[in-house]
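Overview (structure and organization)
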Amino acid sequence: MQDKMLPVERLIEMISDAGGSITDATNTYMREQLYHGKTMEEVREREANLYNPLLNEIKSSKNVKLADLEDYLVALHAEERNDEINRRRKEGDAPLTDKGSGITTAKANKILAAFASEGKTAELQRLAGMVRAIIADTNKTRLEGGLVSQAVIDASPYRNYVPLKGGEEEDFEHNPDHPLYTKAKDSKLFMRTGSGGIRGREDKSPTGRRTPATDIIAAVLMQNEEAVIRSERNSVIKSFGDMVRANSDINITDDQGQKRDISEYAEVLDKAPLVLRSSVNGVIKIIPDTRYAGANDVISFKEINPDTGEVEQVNVQIKDPRLVTAMKGAVTPETLNGVIRFMGGFNRWLASVNTAWNPEFIVSNLLRDIQTAGIVAAQYDIDGLSKEIIRPGNIAKSLKAIESVLRAESAIKTPGGADSAYVAAFREMQKQGGTTEFLGIRDMDSLLQDIQDKVGDIGDATTWQKSRKVAGKLANFIGDYNKVAENAARLQLYKSLRDRGVAPAQAAFAAKNLTVNFNKGGTHKTLANSIFLFYNASLQGSWVLVNSLRSKRVQKIVGGVIVAGMMNDLLNYMLAGDEDDDKRNDWDEVDDWQKERNFFLMNPTGGPHLKVPMPYGFNAFFNLGRAISATTRPGGLKAWDAASSVAMTFLDSFNPIGGTNSFANFIAPTLLDPVVDLSRNEDFAGRAIKPPRMNGLGAAADPSSQVYYNNTAPPAIYAADFINKLTGGGTVRPGLMDFSPNQIEY
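Below or above, wherever it landed, is the structure these notes cover. (Residues numbered from 1 in each chain as written. Predicted model: local features only at pLDDT ≥ 70, side-chain atom pairs only at ≥ 80, totals over all residues. Heavy atoms only, no water.)

This next bit is on the overall build of the chain. Each helix and strand counted, the chain has 26 helices and 9 strands in total. Taking all contacts inside the chain whose residues are at least 6 apart in sequence as the whole, residues at least 24 apart take part in 69%. (Helix = DSSP H or I, 4+ residues; strand = E, 2+ residues; numbered from the N terminus. Contact = heavy atoms within 4.5 Å.)

Once that is clear, we can look at the environment of asparagine 572. On the secondary structure map, asparagine 572 appears in helix H19 (residues 552–576). When the C-alpha positions of asparagine 572 and phenylalanine 600 are compared, they lie 7.6 Å apart, and in sequence the two are 28 residues distant. Here asparagine 572 is in contact with Asn585, Trp587, Phe600, Leu601 and Met602, once residues within four sequence places are set aside. A polar contact of 3.0 Å, which involves the side chain of asparagine 572, links it to the backbone oxygen of phenylalanine 600. (Polar contact = N/O pair within 3.5 Å; in protein donor to acceptor, adjacent residues only side chain to side chain.)

Let us now look at the sheet that holds strand E3 (residues 266–269). An order of E3-E7-E6 is seen for the 3 strands of this open sheet, with the pairing classed as antiparallel. If you trace the sheet from one side to the other, it starts and ends with E3 and strand E6 (298–304), each paired once. The mean inter-strand angle of the sheet, taken between neighbouring strand axes irrespective of direction, is 30 degrees. Bridging between E3 and strand E7 (residues 311–318) involves 4 bridges; their strand directions are antiparallel. If you follow valine 268 over to E7, its bridge partner there is valine 316. Contacts between helix H7 (residues 216–246) and the sheet are confined to E3, E6 and E7, with E6 contributing the most and set at about 100 degrees to the helix. (Pairing = 2+ DSSP bridges. Axes fitted to C-alpha atoms, helices over the stretch in contact; angles between N-to-C directions.)

This brings us to unusual backbone geometry. Notably, aspartate 215 is not glycine yet its phi reads approximately 50 degrees, a positive angle. Positionally, aspartate 215 belongs in the loop between helix H6 (150–154) and H7. One non-glycine residue, aspartate 381, lies in the positive phi region at around 55 degrees. Assignment of secondary structure puts aspartate 381 in the loop between helix H10 (359–376) and helix H11 (385–390). Residue classification places aspartate 381 among the partly exposed positions, given a relative accessible area of 48%. (Buried < 20%, exposed > 50% of the residue type's maximum accessible area, 1.4 Å probe, protein only.)

The N-to-C vectors of helix H21 (residues 618–630) and helix H22 (residues 639–654) enclose an angle of 175 degrees; their axes lie 9 Å apart at closest approach. By the angle class used here, H21 and H22 are roughly antiparallel. When H21 is examined against H22, the residues Asn619, Ala620, Phe621, Asn623, Leu624, Arg626 and Ala627 are found in contact with a partner set consisting of Ala642, Ser645, Val646, Thr649, Phe650, Ser653 and Phe654. Each residue belonging to the contact of H21 with H22 can be placed in one class, and the counts come to 8 nonpolar, 5 polar and 1 charged. (Parallel < 35°, antiparallel > 145°, perpendicular 65-115°, else oblique. Nonpolar A, V, L, I, M, F, W, Y, C, P; charged D, E, K, R; others polar.)

Let us look at the pairing of E7. Across 7 bridges, E6 lies against E7 in antiparallel orientation. Each bridged residue has a counterpart across the sheet, and for isoleucine 299 the counterpart in E7 is valine 316.

In structure tokens, the structure reads:
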């Protein structure tokens, strides 16, 4: 439920306990967690250094348009593609074609001649060179990832290759769910990784096209991005295979205390397993299973044979069902139906509005993270580590270093230079995959969609496109600074560990898991996140706290947090007094919902008080101390109210579903929470959404459109009144549709 890779972690622990060999290269659990951040940083780096420069050059060109460049690239490649298709067809006795590339060589030559007569060739050649650089990077990435050999790259019959995808094409399969599925109605644009792992060709072998290819630039960019994803996924699966091979002679002790050979858990298959098969004449034989690589319990990866230099597919049979779910689920996106996808999109938007795109959240999230990091880091039993993480000067250096990297090309950033050591540490942490995407809102598919949007934006922009671009820049600006806050404590931990000689991968793994690791998740993470807002973030945050409590140092700190809650309650009671002379201490008049989630320091002069957000989970322990104190002093809480506050705060802190304000909210998906709240006329904090009806003077019959608070926004008041009158109502009689302006606001 919390981490689908736990069976892999447990296998690694059993191998280590048995004296087996586990290195950073074969620690699949660690590599899978770092894979997400590492992959996204690899794609982002290419986006900054390869994709964006090309797209910007196309957009700024006064002589050449996107369509011109794509036509030029196809025409340049057409003759060699046509010749190669016919060579292959001739060898296979297939009918020849004069346009295996989608256009004839004669037409291609006419296109090239037309560009020359228009004086566009020089500019097209320059832009084509930038496209070639991306294709060269694709080959380099595949080579380094063990997906193709140098011999395969060298043997390519093409000098002007571009991927010819899109349009009507007989070579490819139907895949409408891909972010770049546009005009390619019968086309699988890219080689996505299936649940079986990494196997097969990196590009399908072409048999010839019926129509000209479309979306050439998008295909080039996405082919490059696919190379990154498949290379990194291949390394994760290969680490599992290497771990199994390196410990093939180890006997491990399972959770029941039984000695077992590692081959009972997983085994690298050197040859196809034997199976019983019945022949046409009914004879039953034992023969090799030629289809074994596609079995549910087999996962594959590629590696280059050091003796031959050729790429070989290696198949690993996983015999433990829990490991099958972990490995084959951990590297494959979940496929969900349309309703769940819609709910997931709604929740991602809602999460973005409340967090990543919310300027106020930058400060509150940073304060929570620093507090959490200072406590959780104590579990490593390294003297001075927690102090280094929460030291204001170090946090300031981390913030500035991250900003300098994320906002490197922007003129809008805080003044002053960044510490070069911190900048270098952050860049290294990015490379290792130690950063995390804020709340998991940005995933790989959203990055792919960004690339598609950028390609689509080339050309004359409409008013809507211009408005969307401005809104996008504002959202990215706020999002960047939320990422700065999200990774500040992580960077300081990473640097502190590296300064102590910890290996980069191990330091990145610790940094990734210092607070909430949004990339980690259970088997049904996507489904649960689609139904309940912040489900996985809440679950992972709770796990960080619970896991850290195994440390005696952390236990002592949490005990201190409880005592601090008691002292804070007494201090605020003494400081607050009774400024409004209502015979009740002002501290007791502060909303309990606020006290349960924030640290307060009352102002003895009656002015504004200090309020600091408490880290999720740890706030429950602080509130426990506050509640204990409040039951022992005059005007405080009754025992039942204190017990209820403590119980509900713990439930709210450690319940990933949320909705503890009512049973209906608890069971309802996030999408339906507003409906439940409006029917109960209570928000998440138990406050009335619209003013309750007053007794007497016939107020109960007043239209809801006339019932609202003094601070209600005028547009909501106007809208409610308009709807009421439109449906037959007035100022004294409700119409068919009658809402309070506060309900509309909510």
